[in-house]
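Report on the structure
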Amino acid sequence: MHEVEKNTSGSEHSNKEGTLFQSQLGPKPHRKHFFSPLDPTYADAVHRDAETVEYTIEEERVVKKKIDNTVLPLVICRFAWSYLQQLNYLMSGNAHVIPAFNENYGITDNNKWTLALSIFYVGYCLLEMPANVLQRHIGANRFFFLSLTFWGLASLSVVYAKGYAGLLVLRVLMGIGEAGYYAGMIYYLSFWYKRHELAMRISLCMTGTLPGAIGGLLAFGLVRAHTSLLQGWQFLFLIEAIPTLIMAVMILLFLPSFPFSATFLSPRERAIAQARLNSDHKPQSHGGMSGWTGFRAVISDLNAWLFMLIYASFNVGVATISYFLPTLIKDLGFSSINAQGMTVAPYLIGWFMVFIQAWHSDRTRDRGWHIMASCAISFIGYIILATSVQKSVGAAYFALFLVVGGNYSLFPLVMSWAANAFSPTSKRGVGTAFIVSISNCVSIASPQIYFDPGDNFRKGHAISAACLFLSFCAALILRTRLSLLNKRNGDKLSALSKDEKDKLEMDGEIWDNDPRYVFMT
């Protein structure tokens, strides 16, 4: 690389276009085989071009719009159009209120159903962190192709399988297929967007409210379908599986692994895309600490444990409401079919709340207060359910709007905050996976809190409310801690002499234990 610099006269001047080093390479990174990583020399070339490229605010806006128009639609379609992993929760909840589904799989009581829900998280939790390491190695498009294909085939098998043992096996396989998706997608988006741009885009891509509303409409219509080969509940899983497998191929062909390999951007635009991120957090697609070193860095970081506590606490509510929403509405006195249709409104209103919260959080560059607000809204909803579900159908149904909106709006807020708090990139990947993995261990037990159907699940609602209160407190503690760390880091920098500041290494990423690192609060 140094030789190239010597042989290129006036390289810095001539590289204002940001194409010099990329022009010395071939048009596209090559791989030896499916599981081999992309050639890191292409990433290095883009990073070196990004150091000297000069661009206007309008050019940056154009590049960001191109990314929004290419990357986001694929991510959104992967989740919403194909219904995919999290929608499997909803479909399972919708199917459970259908007697034919219960008969096919031998679900004779609530305990069997909650065990089938819980066992999903076994493979999910065990493989979450290794999945993120694999994603960084082979690239997002190939990793998500494998994940989608595995999950789609498992979902397709639900249509034809029989017996309770078969259901348990398929739930484990679905959990394995979903491992790495949620944390992996947040990690992937952090290569494309600045820290204050993440929450709104995560809200568009990764919450279950909008696909939940669509799923409720589909369930409302499809359960009436019946042919000589398939019953209504089988159509639910069939329409999950087929679009998922189609999307797997689309993701493989069209989703770029990293900005440096994005063919929809010109060489100059790739340099601009990297340069705009370098001014914020300098994500690195290659090198850095190993997965094991990143894991040790994460578990020794108190911030990671506080994030995990926030996520695990509110995820108790998410896991239960995802599974039990049709059942909760049915228990208000509605028929099974009408209950599925009535899941649409809470999910639809919830999606607007998710988007508004995420948009305002990005606009104000605040995470902590917004998370506490969402916790409070969901907490109030659970309190109403625990105290009024037997007294007023209207109050209970209204409370479900608060619960769905409050719970689901926490996903993009918490995970974008976590992605902002871990550096370097390799630690960020392990850190987000750690939070999701450990928190979802709690989800194994979450469905078990709804053990009192005879009392309209009032004890379960009370437990969920307590968990939301715990999440609120943890968010308050974490925000206070990060504010104090920012103040301490500022004081450290102010105390340094000019020579000491000049000695600070400026190449590569700034680690989160560096006094120059500024945490988003």
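What counts, and where the lines are drawn
- Residues numbered from 1 in each chain as written.
- Predicted model: local features only at pLDDT ≥ 70, side-chain atom pairs only at ≥ 80, totals over all residues.
- Heavy atoms only, no water.
- Helix = DSSP H or I, 4+ residues; strand = E, 2+ residues; numbered from the N terminus.
- Buried < 20%, exposed > 50% of the residue type's maximum accessible area, 1.4 Å probe, protein only.
- Contact = heavy atoms within 4.5 Å.
- Phe/Tyr/Trp six-rings, centres within 6.5 Å; stacked < 30°, edge-to-face > 60°.
- Lys NZ or Arg CZ within 6 Å of the ring centre and 35° of its normal.
- Patch = residues over 30% accessible without salt bridge, like charges linked within 9 Å, V, L, I, M, F, W, Y side chains within 5 Å.
- Areas by Shrake-Rupley, 256 points an atom, 1.4 Å probe, with all protein chains shown as cover.
- Salt bridge = Lys/Arg side-chain N within 4 Å of Asp/Glu carboxyl O.
- Axes fitted to C-alpha atoms, helices over the stretch in contact; angles between N-to-C directions.
- Parallel < 35°, antiparallel > 145°, perpendicular 65-115°, else oblique.
- Left-handed = near helix turned anticlockwise from the far one by under 90°.
- Nonpolar A, V, L, I, M, F, W, Y, C, P; charged D, E, K, R; others polar.
- 1 Å grid on protein atoms, 1.4 Å probe; cavity = no way out; pocket = protein on both sides within 12 Å on 5 of 7 lines; lining within 4 Å.
- Points joined across faces, edges and corners; volume = space filled by probe spheres on them.
- Expected span 1.5 Å × (residues − 1).
- Polar contact = N/O pair within 3.5 Å; in protein donor to acceptor, adjacent residues only side chain to side chain.
- pLDDT = per-residue confidence, 0-100.

A few words now on the overall build of the protein chain. The helix and strand inventory of the protein chain stands at 24 helices and zero strands. Looking at the protein chain as a whole, 59% of its 521 residues qualify as buried. Within the protein chain, counting contacts between residues at least 6 apart in sequence, those at least 24 apart form 83% of the total.

Before going further, it helps to spend a moment on the packing of aromatic side chains. Across all of its chains, the model carries 24 aromatic pairs by this definition. One cation-aromatic arrangement involves K112 over Y164; the distance from NZ or CZ to the ring centre is 5.0 Å. Over the ring of F34 we find R142; its NZ or CZ atom is 4.9 Å from the centre of that ring.

Here we come to a nonpolar patch on the surface. Nonpolar side chains collect at one region of the surface, where I242, I246, V249, M250, L253 and F254 lie side by side and expose about 550 Å² of accessible area between them. Within the fold, I242 resides in helix α14 (residues 232-254). Classification of I242 as partly exposed rests on a relative accessible area of 44%.

In this section: the pattern of salt bridges. Overall, the coordinates contain 15 salt bridges when judged by the stated rule. Measuring nitrogen to oxygen at the nearest pair gives 3.5 Å for the salt bridge that ties E197 to K64. Of the two residues, E197 sits in the loop between α11 (181-189) and α12 (198-206) while K64 sits in helix α4 (residues 57-81), which places them 133 residues apart along the sequence. Note on E197: relative accessible area 6%, which makes it buried.

Remark: helix α9 (residues 140-160) packs on helix α10 (residues 164-178), axes separated minimally by 8 Å, with the N-to-C direction vectors making an angle of 160°. Here α9 lies roughly antiparallel to α10, going by the angle between them. Crossing of α9 over α10 shows left-handed handedness. The residues of α10 that touch α9, namely those facing S147, F150, W151, A154, S155, S157 and V158, are L170, L173, M174, I176, G177 and E178. A breakdown of the residues in the contact of α9 with α10 according to their chemical character gives eight nonpolar, four polar and one charged.

This brings us to the layout of surface pockets. Of the pockets and cavities examined, the second largest pocket occupies roughly 350 Å³. In terms of lining residues, the second largest pocket is bounded by 16 residues, among which K28, N141, L255, P256 and S261 are the most central. Elements that contribute at least two residues to the lining of the second largest pocket include exactly α9 and α14. When grouped by side-chain class, the residues that make up the lining of the second largest pocket number eight nonpolar, five polar and three charged.

In this section: helix α15 (residues 267-278). Its twelve residues give α15 an end-to-end C-alpha distance of 17 Å, which sits within 8% of 16 Å, the value for a rise of 1.5 Å per residue. Where α15 is concerned, the buried positions are R268, E269, R270, A271, I272, A273, Q274, A275, R276, L277 and N278.

An α-helix turns once every 3.6 residues. As a result, residues three or four positions apart point the same way. Taking 1.5 Å as the rise per residue, α10 with 15 residues should run 21 Å; its terminal C-alpha atoms sit 21 Å apart, in good agreement. Among all positions of α10, only Y164, L167, L168, L170, R171, M174, G175, G177 and E178 are buried.

Now for the environment of S300. Here S300 lies in the loop between α16 (291-299) and α17 (302-330). For S300, the side chain forms a polar contact with the main-chain oxygen of A297, separated by 3.1 Å.

Moving on: the side chain of E269. With respect to the helices and strands, the residue E269 is situated in helix α15. For E269, the side chain forms a polar contact with the side chain of K66, separated by 2.9 Å. If we ignore the near neighbours within four places in the chain, the residues touching E269 are V63, K66 and F264.

On to unusual backbone geometry. P424 follows S423 through a cis peptide bond whose omega is 15°. Along the polypeptide, P424 turns up in the loop between α21 (393-421) and α22 (425-445). Of note, the phi angle at R365 is positive, near 55°, even though the residue is not glycine. With respect to the helices and strands, the residue R365 is situated in the loop between α19 (344-364) and α20 (368-388).

Note on placement: S147 falls in helix α9. Considered as a pair, S147 and Y181 are 34 residues apart in the sequence and their alpha carbons are 7.6 Å apart. A distance of 2.5 Å separates the side chain of S147 from the backbone oxygen of G177, its partner in a polar contact.

Of all residues in the protein chain, 86% have pLDDT values of 70 or greater, and the mean over the chain is 82. Ranking the helices and strands of the protein chain by mean pLDDT puts α20 first, with 95, and helix α1 (residues 2-7) last, with 40. Confidence over residues 1-12 falls short of pLDDT 50; this stretch has twelve contacts with residues more than four positions distant or in other chains. Ignoring residues within four places in sequence, the model shows residues 84-91, a span with pLDDT below 50, making 45 contacts including any to other chains.

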